[in-house]
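# Coordinate inspection notes
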Amino acid sequence: MSGAAQVGVVGGGAWGTALAQVLASDGRDVLLWAREADVVEAVNAQHRNPRFLPGAALHPTIRATSVLADLAVLPVLLLVTPAQHLGTVLGQLAPQGTDIVLCAKGIEQGTGRLMTEVAAAAAPGAALAVLSGPTFAHEVAEGLPTAVTLACAGGEAQWARLSPVIARPSFRPYYSADVIGASIGGAVKNVLAIACGVVEGLGLGANARAALISRGFAEMQRLGLAMGAEGETLAGLSGLGDLVLTCSSSDSRNFALGMALGAEGDRTGGAAALLAERSTVAEGAFTAPVLVRVADERGIAMPIAAGVAALLDGAISPRALVAQLLARPLRAEAPLG
């Protein structure tokens, strides 16, 4: 294929670049928007993104731009900007295209809105979908086998438009109509990954991490079902699948942040310095406090998420967080308890 791009990716970080690589793998022309001038120059001149995805040789049909308006007329857009900036970027973009696929994972801090709600307000005429699942950007860019959820608010008609654009032999989307479940799974797992990283940083072993993943999944279910998500979605790729991956590897920025925090042991207040040192976004750090607020407003108990929020705020130390969770009252293990 050659000619004008019919699909655009908004966000030139590691995940946005990896998605552009997938979309271009069959020779399709893809337009990638990046805020950073050096990223635009490197993609166009060298077919690489050394800042965010070093080592990946990008397909030559990927073209980068720093002008948002260049993407506004495209019929399919993948939004991969950080969750806290999605509304602003989408408002500036003023898309005229039909389909917007949301790939950012988080909850808006000031409002408590899911990304679908943010996008619906910023682009009321767009048909929205959510792409989420267990994915590390560098593996996707390498063409390693990956499966994701593509949740379409527009139902099967939208799926019929989008699945040929997104699906590739090594990148397999599964259909869902549950955009709420796909959104909640992606947001909550980032917070839980920080907690699992703390367990790793403290050297507490695989048993503790497995227990935390299981109990964290119960928290995800409680909140998700209360907000209208479907249990099948939360137990699928965009929920449990993404949770297991993100909570099991330092390739996850959220897990790596938790590891660094856990290594500080009894020290409090280290999160601010660690976050300031990082050039990439650990989205769970921004999601944790608003996630706890949203859960509290609905009367949903999320003790792991609450502990992560307290740790990030400097209220407790990593070791105190673990002790706090272990000191909770003994009870029966209910599926959603």
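See the structure above.
Residues numbered from 1 in each chain as written. Predicted model: local features only at pLDDT ≥ 70, side-chain atom pairs only at ≥ 80, totals over all residues. Heavy atoms only, no water.

### Quick word on the layout of surface pockets
- The volume enclosed by the largest pocket comes to roughly 1,100 Å³.
- Lining the largest pocket are 41 residues, with Ala14, Trp15, Arg253, Thr280 and Val281 sitting closest to its centre.
- Sort the elements by how many residues they give to the lining of the largest pocket and helix 1 (residues 14-23) lands first, with three residues.
- For the lining of the largest pocket, the residue count by class is 18 nonpolar, 15 polar and eight charged.
- If you add up the space inside the second largest pocket, you get close to 740 Å³.
- Lining the second largest pocket are 23 residues, with Arg215, Ile304, Leu325, Leu326 and Arg328 positioned closest to its centre.
- Put simply, the parts of the chain that give the lining of the second largest pocket at least two residues each are helix 8 (205-226), helix 14 (303-312) and helix 15 (318-326). (1 Å grid on protein atoms, 1.4 Å probe; cavity = no way out; pocket = protein on both sides within 12 Å on 5 of 7 lines; lining within 4 Å. Points joined across faces, edges and corners; volume = space filled by probe spheres on them. Helix = DSSP H or I, 4+ residues; strand = E, 2+ residues; numbered from the N terminus. Nonpolar A, V, L, I, M, F, W, Y, C, P; charged D, E, K, R; others polar.)

### Describing the sheet that holds strand 7 (residues 146-152)
- Spatially, the eight strands line up as an open sheet ordered 3-2-1-4-5-6-7-8, and their pairing is mixed. The open sheet is flanked by strand 3 (62-65) and strand 8 (171-176), the only strands paired with a single partner. The sheet shows a mean angle of 25° between the axes of neighbouring strands, direction not considered.
- Against the sheet, helix 4 (residues 115-122) engages strand 5 (99-102) and strand 6 (127-132), with an angle of about 150° to strand 6.
- Its contacts with the sheet put helix 7 (residues 179-201) on strand 6 and strand 7, and the angle it makes with strand 6 is roughly 40°. (Pairing = 2+ DSSP bridges. Axes fitted to C-alpha atoms, helices over the stretch in contact; angles between N-to-C directions. Contact = heavy atoms within 4.5 Å.)

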